[in-house]
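# Residue-level structural notes
The chain contents come next:
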Amino acid sequence: MKSVSMDKIKIEHFHLQYSDGNESLRDINLVIPVNAITVLFGPAGGGKSSLLRAINRLNDLADVSKISGSILLAEKMADGETEPAYIDVLDPGTDVIALRRRVSMVFAQPIVLPLSIRANLTYGLELAGIRDKHRLEGAVETSLKKAALWEEVHHRLDDSAFALSGGQQQRLCLARCLALEPEVILLDEPTSGLDPISTNKVEASLQELKEQYTIILVPHSIQQAARTADYCAFFLQGELVEYLPGKNIFTNPRDKRTEDYVEGRFG
Amino acid sequence: MNSLSRTSTTRRRVQRFGFGLLSAIAMFTVIPILAVVIYIVIKGAPAISLEFITGFPREGMRAGGILPAIVGTFYLTLGTAIFSVPLGIGAAIYLSEYATENRWTRTIRIAIINLAGIPSVVYGLFGLGLFVLFLNFGTSLLAGSLTLSIMTLPVIISTSEEALRAVPNSFRVVSISVGGTRWQTIRRIVLPQSLPGILTGVILGLERAAGETAPILFTVAAFFLPRLPHSPLDASMALPYHLFVISTQVPGMPIQIQYGTALVLLVFVLGMNLLATVIRSRARARRQW
């Protein structure tokens, strides 16, 4: 079932400033559609990661001094509803624990927990209070299959996650997110440490996963942005310069700065 | 060419001499500990017998065994662990995982460092004042354990905090990013990963407590009490104090009983040390990060 096009996340007049005085993001307005890969790209220091970490409030752990605007996240629609209800992620009253289960994150470095492969996957579910063995086992298998890792590890789920290669570890991290059955997946340069073959596997997984999830990807190269993007946003020094559907931003940029960047004149 | 090779030979010789000197200095640090251990073992071993370990002192401590002192030191170490381990680990968790860097935490840290620098006899007097007299615990295992706990706390806190901080922060971020609370993250990831380091610190702290004389001098120690303690409010003999007594206070003391007692204390303390080393090296071999 392909759901109707819907705005999963609406970012409105979003500002973020770190305690050291560096303004990181200025007046960001961005609408992220469901069931698509939205790519945030641009040179380092543009604020892409900061925006990503704001969406699931991981920025709470960082030294943020000022944050304003809103990040609206659509609730799942019940039958018969045509317009989703939205919660403001930045609202101090938001349940961040529940939020982080709905909006899950894959980091640039494959960070596996010092546990077995299986325990890495069930970790988040167990924290959420799920004890049912069948459900946990089911989540392990489903998430590993979605992350294209099942074939390689199903016979050694109790091995340490550190026994996996870097590429496998990163797919395990992706599977760990998927095990939580999130609605949104945030990926912060997930393939920056991987070889081309592993990168291909991750990108292929993402193309399948977007049928069920909302994906926001900070790519590690312009090429990856061009390969994967359904929607593309170009960030430069804390500003959202341009946001276009499809590959238009690469073939037909409207802003001179975007053009210069994608043609490799700086960055 | 010729002169070049000659200077390089000279340089190599100087370097070899330097290395030799440094390794000799390093060797010297091993000599005292080896000398002490070997000397005590040779002098004390003849005194060791089943009666010495399991018997009660007789003839004004000039014969018989040292069981009450062994048991007393065991209880004191246990009591110290009961008070100082939960408190010390708790404080370390607070400092490492919850506290932000501010004037308050800096004050705590300075207090801990200074606590570690206080001479042990001062702890003894403090324990006498607070636990024995003011709180009216009397000269007892309880008062002694509490006194030793205060002395042990800084060691346990600082080694535990170090062990907690050694756990990579990325594990915490990941745990929180999948919906973990801070406490869940500590309990399921940070504590298990730092446990060997914490245990090492705990054992080293307790080892110091087991060997101290001054803090128990006024708070626990009985000069001569040829029975085992019945309750935490009982006074007790203890190995370090017993050693002090039989070495200085009892005329006509057979010398091998002194060395025997020293040997038992040394085995007790070095045994704990060995345990800490084994735990640490095993954990290092198994650690994956």
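Our structure's up above, just so we're on the same page.
Keep in mind that what you see is a predicted model, and the values were worked out from it rather than measured.

Next up on the list: the overall build of chain A. For chain A, the helix and strand inventory stands at 10 helices and 10 strands. For chain A, whose C-alpha radius of gyration is 18 Å, the value lies close to the compact-globule estimate of 18 Å for 267 residues. The principal-axis extents of the C-alpha atoms in chain A amount to approximately 55 × 45 × 40 Å. Out of the 267 residues belonging to chain A, those deemed buried represent 52%. Sequence separation of at least 24 residues holds for 67% of the intrachain contacts in chain A that already meet a minimum separation of 6. Put simply, chain A shows about 11700 Å² of open surface, and 49% of that area lies on carbon and sulfur atoms. Charge-centre separation for chain A: the mean point of 29 positive side chains lies 2 Å from the mean point of 37 negative side chains.

So, on to the overall build of chain B. Secondary structure summary: chain B contains 11 helices and 2 strands in total. What you see in chain B, going N to C, is helices and strands ordered as α-α-β-β-α-α-α-α-α-α-α-α-α. Computed over the C-alpha atoms, the radius of gyration of chain B is 24 Å, more than 25% above the 19 Å expected from 2.2 N^0.38 for a compact globule of 289 residues. Dimensions along the principal axes, computed over C-alpha positions, put chain B at roughly 80 × 65 × 35 Å. Burial statistics for chain B: of 289 residues in total, 43% are counted as buried. Residue pairs in contact within chain B that sit at least 24 positions apart in sequence constitute 74% of those at least 6 positions apart. About 15400 Å² of surface is accessible on chain B, with carbon and sulfur atoms providing 69% of the total. If the 23 positive side-chain charges of chain B are averaged to one point and the 9 negative ones to another, these points end up 15 Å apart.

What follows covers the interface of chain B and chain A. In this assembly, 19 residues from chain B lie in contact with 19 residues from chain A. Regarding the contact of chain B and chain A, the summed buried area is about 1900 Å², with carbon and sulfur atoms giving 68% of it. At the boundary of chain B with chain A, the tally comes to 1 salt bridge. Note that Arg188(B) is salt-bridged to Glu126(A), the shortest N-O span being 2.6 Å. Here chain B and chain A share 4 residue pairs in polar contact (both at pLDDT 80 or more) between them. Secondary-structure elements contributing two or more residues to the side of chain B that touches chain A are α7 (169-177) and α8 (182-211) of chain B. Here the side of chain B that touches chain A gets 7 residues from one element, more than from any other, and that element is α7(B). Residues that form the side of chain B that touches chain A fall into these classes: 7 nonpolar, 10 polar and 2 charged.

Within helix α10 (residues 239-248) of chain B, the full set of buried residues consists of Leu239(B), Pro240(B), Tyr241(B), His242(B), Val245(B) and Ile246(B). Those residues of α10(B) that are buried are in contact with α3 (67-98), α8, α9 (214-217) and α11 (255-286) of chain B.

Turning our attention to the sheet that holds strand β2 (residues 23-33) of chain A. Residues and elements named next belong to chain A. Taken in spatial order, the 4 strands of this open sheet run β2-β1-β4-β5, and their pairing is antiparallel. Two strands lie at the open edges of the sheet, namely β2 and β5 (86-88), each paired on one side alone. On average, each strand axis in the sheet is inclined to that of its neighbour by 5°, with strand direction left out of account. Pairing of strand β4 (residues 64-74) with β5 involves 3 bridges; the strand directions are antiparallel. Residue Ala74 lies in a different strand from β5, and its bridge partner there is Tyr86. Against the sheet, helix α1 (residues 48-55) engages β1 (7-18), β2 and β4, with an angle of about 120° to β1.

Another point: the side chain of Thr73(B). Within the secondary structure, Thr73(B) is located in helix α3. If sequence neighbours within four positions are ignored, Thr73(B) has contacts with Ala210(B), Met237(B), Ala238(B), Leu239(B), Pro240(B) and Phe268(B).

What follows covers the nonpolar core. If you look at the biggest cluster of nonpolar residues, it comprises 63 residues, and the most contacted ones within it are Ile11(A), Phe14(A) and Leu30(A). The biggest single contributor to this core is α8(B), with 8 residues. In this structure, Leu30(A) is in contact with Ile9(A), Lys10(A), Ile11(A), Leu40(A), Leu51(A), Ala233(A), Phe235(A), Leu240(A) and Tyr243(A), ignoring residues within four places of it in sequence. If you look at the next biggest cluster of nonpolar residues, it comprises 42 residues, including Trp150(A), Cys173(A), Leu244(A) and Tyr261(A).

Residues and elements named next belong to chain A. With 5 of its 5 residues buried, strand β7 (residues 184-188) lies for the most part within the structure. Side chains Val184, Leu186 and Asp188 of β7 all project onto a buried face; the interleaved residues Ile185 and Leu187 project onto the opposite face, where all are buried too. Where strand β6 (residues 103-106) and β7 come together, 4 bridges link them in parallel fashion. Within β7, the position partnered with Val103 by the bridge is Val184. Bridge analysis of β7 against strand β8 (residues 214-218) gives 5 bridges, and the strand direction is parallel. Within the sheet, the bridge partner assigned to Ile185 lies in β8 and is Ile215. On the question of chirality, the crossover connecting β7 to the parallel β8 by way of helix α7 (residues 196-209) is right-handed.

Residue and element names in this part refer to chain A. Applying the stated criterion across every chain yields a total of 9 aromatic pairs over all chains. Ring geometry for Phe41 versus Phe250: centroids 5.5 Å apart, planes at 35°, classification tilted. Here Phe41 is found in strand β3 (residues 37-41), whereas its partner Phe250 is found in helix α9 (residues 248-251), with 209 residues between them in sequence. Within the aromatic cluster, the residues linked to one another by ring pairs are Phe41, Phe234, Phe250 and Tyr261.

A separate point is the packing of helix α3 (residues 117-127) of chain A against α8(B). It is the contact of α3(A) with α8(B), at a shortest axis distance of 12 Å, that shows an interaxial angle of 145°. Where α3(A) crosses over α8(B), the two elements pack in a sense that is right-handed. In contact with Tyr123(A), Glu126(A) and Leu127(A) of α3(A), α8(B) contributes Gln184(B), Thr185(B), Arg188(B) and Ile189(B). Here the residues of the contact of α3(A) with α8(B) sort into 3 nonpolar, 2 polar and 2 charged.

With that settled, the discussion passes to the pattern of salt bridges. In total, this model carries 25 salt bridges over all chains according to the counting rule given. The salt bridge involving Arg208(B) is made with Glu212(B); its shortest N-O contact spans 3.7 Å. For Arg208(B), a relative accessible area of 32% translates into the label partly exposed. Through salt bridges that share partners, Lys8(A), Glu75(A), Arg102(A) and Glu183(A) make up one connected network.

Here is what the cut-offs are and how they apply
- Residues numbered from 1 in each chain as written.
- Chains lettered and ligands numbered in written order.
- Predicted model: local features only at pLDDT ≥ 70, side-chain atom pairs only at ≥ 80, totals over all residues.
- Heavy atoms only, no water.
- Helix = DSSP H or I, 4+ residues; strand = E, 2+ residues; numbered from the N terminus.
- Rg over C-alpha atoms; globule rule 2.2 N^0.38 Å.
- Buried < 20%, exposed > 50% of the residue type's maximum accessible area, 1.4 Å probe, protein only.
- Contact = heavy atoms within 4.5 Å.
- Areas by Shrake-Rupley, 256 points an atom, 1.4 Å probe, with all protein chains shown as cover.
- Lys, Arg positive; Asp, Glu negative; His and termini not counted.
- Charge placed at Lys NZ, Arg CZ, Asp CG, Glu CD.
- Buried area = accessible area lost by both parts, 1.4 Å probe.
- Salt bridge = Lys/Arg side-chain N within 4 Å of Asp/Glu carboxyl O.
- Polar contact = N/O pair within 3.5 Å; in protein donor to acceptor, adjacent residues only side chain to side chain.
- Nonpolar A, V, L, I, M, F, W, Y, C, P; charged D, E, K, R; others polar.
- Pairing = 2+ DSSP bridges.
- Axes fitted to C-alpha atoms, helices over the stretch in contact; angles between N-to-C directions.
- Core = buried A, V, L, I, M, F, W, Y, C linked by side-chain atoms within 4.5 Å.
- Right-handed = clockwise from strand over helix to strand, strands pointing away.
- Phe/Tyr/Trp six-rings, centres within 6.5 Å; stacked < 30°, edge-to-face > 60°.
- Left-handed = near helix turned anticlockwise from the far one by under 90°.

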